[in-house]
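# Descriptive analysis of the structure
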Amino acid sequence: MKVDFKAHFEGVATLALAELLPGERAAIGYAAERTYFMRFNNGLVRQSGTVEQSDLSIKLWKGAKTYSVQVALSGNLEVDERRVAGAISDARAVMPLLPDDPFQAIPESAESSDARYAGSLLPEAEIPARVLEPAKGLDFTGIFSQGQMCRAAANSAGARHWFQTETFLVDYSAWLANGRAVKSSYAGRDWSDAEYASRLQATRQSLGNLDKPEKVLDPGKYRAFISADALNEVVTFFSWNGFGERGIRQGESAYIAMREGRESLSPHFSFSQDFSIGVQPAFNEEGELSPECLPIVTKGKIENTIVSSRTAKQYGITSNGASDGEDVRSVSIVAGELAEADALKALGTGVYISNFHYLNWSDVQAARVTGMTRFSCLWVENGSIVGPIKDMRWDESLYNMLGAKLEAVTRERHLLVESMTYDHRQVGGNLLPGILVDGLSFTL
Amino acid sequence: MRNDLRRLLDAATTAAREATWLGLRRRRTTALYYVARDGAFEQAISGFDDGVMVEVMVDGRFAYGATPDMSPEGVSRAALSALTAAKAAAGRSIHSFDLSVRPPATARYETSRTRKTSRAPDDVFAFLLNACGALKVSDEIIQTTALVEVGQYDYEIVSTNGADIEQTIHYMGSSLQAVARRGDVVQLRTANGPRGLTRQGGWELLDTDAMIADARRIGLEAVELLGADTCPSGRRTLVLMPDQMMLQIHESVGHPLELDRILGDERNYAGGSFVKAADFGTFQYGSKLMNISYDPTVAGELASYGADEIGNLAKKELLIKDGILVRGLGSLESQARSGLKGVANQRATSWNRPPIDRMANLNLEPGTTSFDAMIGSIEKGILMSSNRSWSIDDYRNKFQFGCEYGRLIEHGKLTKTVRDPNYRGISRTFWRNLSAVGDRSTFAAFGTPNCGKGEPNQVIFVGHASPVCAFDDVEVFGGGK
């Protein structure tokens, strides 16, 4: 019998909150999934199977003490009640031995929410045939995943939130014998063989651009059109050493110079944390809600930062419902004026960048990032595709890429859903345009 | 069996009678994580995880069902789910395996510890708060962080063809960090880079006196960097300390030698490899000074173990000998698919992910050059330590790495300190320019819990030990916009 995750969460959360003694407060976060994974290579199944899992995080406060417990749950309520009770008992024994927490922030939020999105997914016995057969003839590599994902939170102030969705994702690349590939994906809640076939047809057509002689670029500065897929890799740097308030105040953010007015991004560049794009819940693990839309950068200047309750307590400012890590969630970059259909013409001569790979800070304080081009990046001359480029390393400050060198932002935006599966299938995604940059620095 | 896994295997076997083979792989994890920041409490977290992956074989195809429900009913459901997946893949499997890739091995392994009793939370926090104090050597230090993580992994494997494996890994990781600021210059200095100090062992690894002394050095070096010039640009001899060699070996040797990357499994995510199957036995990877070993037997190194997670017994193997590539990082499954020689390295992040080819301990064997002799032989060079940035292409060719701390080498002497040192190159060219390998006195082991790979994604423990090394003619440069 499959676990009813909602009933399971209600059971363990109710028990945990009911067990609290006078003076104790708690916040409870919950994540659960039932997922079918199929990894494939060369159009054949490499590994496949199912994963069912759920876990609970409990943050406990008593007096000036704070302690967190993370407990994997079995799915059996009787077993899990014992586990949760044991975890709280153990926490009570440890807490008196901890130093006082000077920035203890106990949630006072008592809102509730309940969002459930049903899906029409593939029968498990049909998955290899329905996913791989339409790709016959392609050197087709990647992963298919589908199933239910749940996130929930509750706290002793009375908050209770539930988010449940059923989704699928085919995250794939199709390869030519010359080592070039097109990367794409098909994601949603309701599987359609016809839509999937259409996506694969577009992939087959794109492969045609890669079966041409490879252009080898010398290091230097090039005009570049960065697609929404490639820009999605850059968005990571809004969270990592990013726009979290604490990192800015404590010297770890790349945007200190921006905050202090020494740097800015382009007046054509604005983005928000925007949960209205509908791919992840606005509550955090402590049951606090973020505003549906929070502008972070407006016309190149910082308008808001990401502030957790802990940071708010430490610096005497107002929280905006962030998690402790102060990551930006559901990034929505404001659309510009450039029609995607005109992107190559606007690029003129330069590089069309389909995907980036393995980005990292090369100098955090200068907001300088290095990375590689990957998959179907193309050399364009006078608005026409010439052929693929040999992959190049680039190294550029975001104050240039999204600042002085940003020439245009596309009118069209693409919803790119989260594909990461570390620990769990992760929820989330970003709504992004493509951008045109004049003078991206290629180095190797 | 400690946890009666054999009884659960019987239940799974009864449920999935069509399977020709079944195996159960249980993983139980406990962990504690304590953090202080700026001389005050920051976080205290305990974690617990437990579950089992049921694996079935049907007509040469494997499939899995992973569940945290350790009841016979729960494991039976997982077995049936795995059976459905295995049957659904009929006619579409990448390889027809036999049971040679699931050996009936018996193994017992437990991390060697000299101090098995734990220290109380107030004792650990007293150290962390002291460490913050030691890191804050001046008012220019604007942030201090000290962290200790300690944990235990218990693995058990049983199978219908007789595998019987129990392994317990005890580990401890620590991190010390200081951020310094003077005007617009901000510098971060850590103990051996992000999470580089993770090792197998017991509470003896919490050597508080040594760590407090190290914290003071880190604070002083963070302030020193504020007044340092930025790293000059140009080509020169690069000397890497072992805490950066860890990253260099990991990214430009370890990943390209993984046979699953060479077979194409990772092309959609982590990437392929510039190494081809035909290269084994002949390809000159580096200079003759380069000897790389896969060695899961080093006591205290983070990825030591007795058997991998499909039951292949682990033993030391040389992968690169005198600069020539001789063996890959490939499990029994990858060896069966490729026909190449490999090692016991099919590992998983936990019970909820299938094992794949991973790195384990990958070490550069010591050479014969003393540190002083190495520096003394360099006319124009730079020494770099402690990783802070890492990026490499999907074939593991073009890399760019950055370090926290650099010192110029001029006319055989270490001279002034420089900040924001970076370097870049191409893997094979870089390793062929390996010009000196330090002796055993320069050898040190590090480890990180954060190696990411695979679809679905997995992180795993890896260990890397290396002497100090010198590389000729490397492009180095500094920071700035």
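Residues numbered from 1 in each chain as written. Chains lettered and ligands numbered in written order. Predicted model: local features only at pLDDT ≥ 70, side-chain atom pairs only at ≥ 80, totals over all residues.

### Some details on the overall build of chain B
Applied cut-off: Labels follow the DSSP assignment, with helices taken as runs of H or I lasting at least four residues and strands as runs of E lasting at least two, numbered in each case from the N terminus. We compute the radius of gyration from the C-alpha atoms alone; for a globule the expected value is 2.2 Å times N to the 0.38, where N is the number of residues. This entry defines residue contacts through backbone-placed C-beta atoms, with two residues in contact when those atoms are within 7 Å.
Along chain B, the regular secondary structure elements total nine helices and 24 strands. Against the compact-globule benchmark of 23 Å for 481 residues, chain B has a radius of gyration of 24 Å, which places it among compact chains. Projected onto its principal axes, the C-alpha coordinates of chain B cover approximately 70 × 55 × 40 Å. Long-range pairs, those at least 24 residues apart, make up 75% of the contacts in chain B between residues at least 6 apart in sequence.

### Considering the overall build of chain A
Which entries qualify depends on this criterion: Each residue is classified by how many other C-beta atoms fall within 10 Å of its C-beta atom, where C-beta atoms are placed from the backbone; a count of 20 or more means buried, 12 or fewer means exposed, and values in between mean partly exposed.
Of the regular secondary structure elements, chain A holds 10 helices and 22 strands. The C-alpha radius of gyration of chain A comes to 24 Å, within 12% of the 22 Å expected for a compact globule of 444 residues. Each of the three principal axes of chain A carries a C-alpha extent, and together these read 75 × 60 × 35 Å. Relative to its full complement of 444 residues, chain A shows a buried share of 54%. A separation of at least 24 residues holds for 71% of the contacts in chain A among residues at least 6 apart in sequence.

### Remarks on the sheet that holds strand β12 (residues 317–321) of chain B
Residues and elements named next belong to chain B. Worth spelling out the cut-off: For two strands to count as paired, DSSP must find a minimum of two bridges between them. Lines fitted to C-alpha atoms define the axes here, with helix axes fitted over just the stretch in contact, and angles between the N-to-C directions of these axes take values from 0 to 180 degrees.
In spatial order, the strands read β13-β12-β11-β16; together these four strands make up an open sheet with antiparallel pairing. The sheet is open, and its two borders are formed by β13 (324–325) and β16 (362–364), each paired with just one other strand. Direction of pairing for strand β11 (residues 292–294) relative to β16: antiparallel, over a ladder of three bridges. If you follow Y294 over to β16, its bridge partner there is L362. Here helix α5 (residues 242–254) sits on the sheet in contact with β11 and β16, set at roughly 115° to β16.

### Observations regarding the interface of chain B and chain A
For the record, the criterion: Polar here means any residue other than Ala, Val, Leu, Ile, Met, Phe, Trp, Tyr, Cys and Pro, which are nonpolar, and Asp, Glu, Lys and Arg, which are charged; Gly is therefore polar.
Contacts between the two partners involve 66 residues from chain B, matched on the other side by 74 residues from chain A. A total of 11 residues in the side of chain B that touches chain A trace back to one element, the largest contributor, which is strand β2 (residues 40–58) of chain B. Among the residues making up the side of chain B that touches chain A, the classes are represented as 27 nonpolar, 23 polar and 16 charged. Relative to β2 of chain B, strand β3 (residues 65–73) of chain A is paired through four bridges, and the arrangement is parallel. Residue pairing across strands places S68 of chain A opposite I45 of chain B, the latter belonging to β2 of chain B.

### Concerning helix α5 (residues 228–235) of chain A
Buried within α5 of chain A we find A228, A230, L231, N232 and V234 of chain A. Tucked into the core, α5 of chain A has its buried residues touching β8 (220–226), β13 (350–353), β14 (355–363), β20 (414–417), β21 (429–432) and β22 (435–442) of chain A.

### Description of the environment of Y155 of chain B
Residues and elements named next belong to chain B. Inspection of the secondary structure puts Y155 in strand β5 (residues 141–159). Residue Y155 is classed as buried on the basis of its 24 C-beta neighbours within 10 Å. When the C-alpha positions of Y155 and V52 are compared, they lie 9.7 Å apart, and in sequence the two are 103 residues distant. Not counting the four nearest positions on each side in its chain, Y155 is found in contact with R27, I165, Q167 and E309.

### Notes on the nonpolar core
So the rule is basically this: One nonpolar core equals one set of buried Ala, Val, Leu, Ile, Met, Phe, Trp, Tyr and Cys residues connected by C-beta atoms within 7 Å.
The biggest cluster of nonpolar side chains holds 265 residues, and the ones touching the most others in it are V54, V56, A79 and A82 of chain B. With residues up to four places along the chain from it excluded, the contact list for A79 of chain B reads A12, A15, A16, L22, V54, V56 and G65 of chain B.

### Observations regarding the domain arrangement of chain A
Interfaces are frequently sized by the accessible area removed from exposure as the parts join. All names here are of chain A. Our working rule: Per the annotation, domain bounds derive from an automatic or database assignment of domains.
As far as domains go, chain A holds domain 1 (5–208) and domain 2 (220–442). If you average the C-alpha positions of domain 1 and of domain 2, the two centres end up 24 Å apart. Counting from both sides, the interface comprises 33 residues of domain 1 and, opposite them, 24 residues of domain 2. A total of six residues in the side of domain 1 that touches domain 2 trace back to one element, the largest contributor, which is strand β5 (residues 139–155).

### A short note on the confidence of the model for chain B
The line we're drawing: Note: pLDDT gives the predictor's confidence per residue, expressed from 0 to 100.
Across chain B, the average pLDDT comes to 97, with 99% of residues at or above 70. Of the two predicted TM-score estimates for the complex, the pTM is 0.97 and the ipTM is 0.97.

### What about the domain arrangement of chain B?
Residue and element names in this part refer to chain B. When its domains are assigned, chain B resolves into domain 1 (5–227) and domain 2 (230–477). Just the C-alpha atoms count here: the centres of domain 1 and domain 2 sit 21 Å apart. Listed as interface residues are 44 residues of domain 1 and, on the opposing side, 35 residues of domain 2. Looking at the side of domain 1 that touches domain 2 residue by residue, the class counts come to 18 nonpolar, 15 polar and 11 charged.

### Focus on the packing of helix α1 (residues 5–15) of chain B against helix α2 (residues 72–88) of chain B
All names here are of chain B. We apply this condition: Each angle receives one of four descriptions, namely roughly parallel if under 35 degrees, roughly antiparallel if over 145, roughly perpendicular if within 65 to 115, and oblique otherwise. Should the near helix be turned anticlockwise from the far one by less than a right angle, the crossing is termed left-handed; should it be turned clockwise, right-handed.
Following both chains from N to C, one finds α1 and α2 inclined at 45°, their axes separated by 8 Å at the closest point. It follows from the interaxial angle that α1 and α2 lie oblique. Crossing of α1 against α2: the hand is right-handed. Facing L8, A11, A12 and A15 of α1, the residues of α2 in contact are P72, V75, S76, A79 and L80. When its residues are assigned to classes, the contact of α1 with α2 shows eight nonpolar, one polar and no charged.

### Considerations on the packing of helix α3 (residues 121–135) of chain B against helix α4 (residues 208–226) of chain B
Residues and elements named next belong to chain B. Here α3 crosses α4 at 30°, and the two axes come no closer than 7 Å. Here α3 is positioned roughly parallel relative to α4, judged by the angle of their axes. Crossing handedness for the pair α3 and α4: right-handed. Here F127, N130, A131, A134 and L135 of α3 come into contact with α4, specifically with T208, M211, I212, A215, R216, I218 and G219. Classifying every residue of the contact of α3 with α4 by side-chain character gives eight nonpolar, three polar and one charged.

### Re the pairing of strand β18 (residues 393–397) of chain A
A regular strand places its side chains on the two faces of the sheet in alternate fashion. Residues and elements named next belong to chain A. By the criterion of burial, β18 is predominantly enclosed, with five of the five residues buried. Here β18 shows a buried face lined by R393, D395 and S397 and a second buried face lined by W394 and E396. Examined bridge by bridge, strand β15 (residues 368–374) and β18 share five bridges and lie antiparallel to one another. When the bridges of β18 are listed, R368 appears paired with S397.

### Brief notes about the environment of Y196 of chain A
All names here are of chain A. Locating Y196 in the fold gives a position in helix α4 (residues 193–207). Judged by local crowding, Y196 falls into the partly exposed class, with 18 C-beta atoms found within 10 Å. Along the backbone, Y196 and Y186 are 10 residues apart, and their C-alpha atoms lie at a distance of 6.6 Å. Look past the residues within four positions of Y196 in its chain and what remains in contact with it is P134 and Y186.

### Notes on unusual backbone geometry
All names here are of chain B. Note that the residue after E455, namely P456, is joined by a cis bond; omega there is 0°. Relative to the helices and strands, P456 is located in the loop between β22 (444–453) and β23 (458–466). A positive phi angle, near 60°, is found at A360, a position not held by glycine. Mapped onto the secondary structure, A360 falls in the loop between β15 (356–357) and β16. Phi at D420 takes a positive value of approximately 55°, unusual for a residue other than glycine. Residue placement: D420 occurs in the loop between β19 (413–419) and β20 (422–426).

### Some remarks on the environment of S441 of chain B
Residues and elements named next belong to chain B. Here S441 shows up in the loop between β21 (434–437) and β22. Accessibility expressed as a C-beta count within 10 Å gives 10 for S441, which makes it exposed. The sequence separation of S441 and N361 amounts to 80 residues, and the corresponding C-alpha distance is 20 Å.

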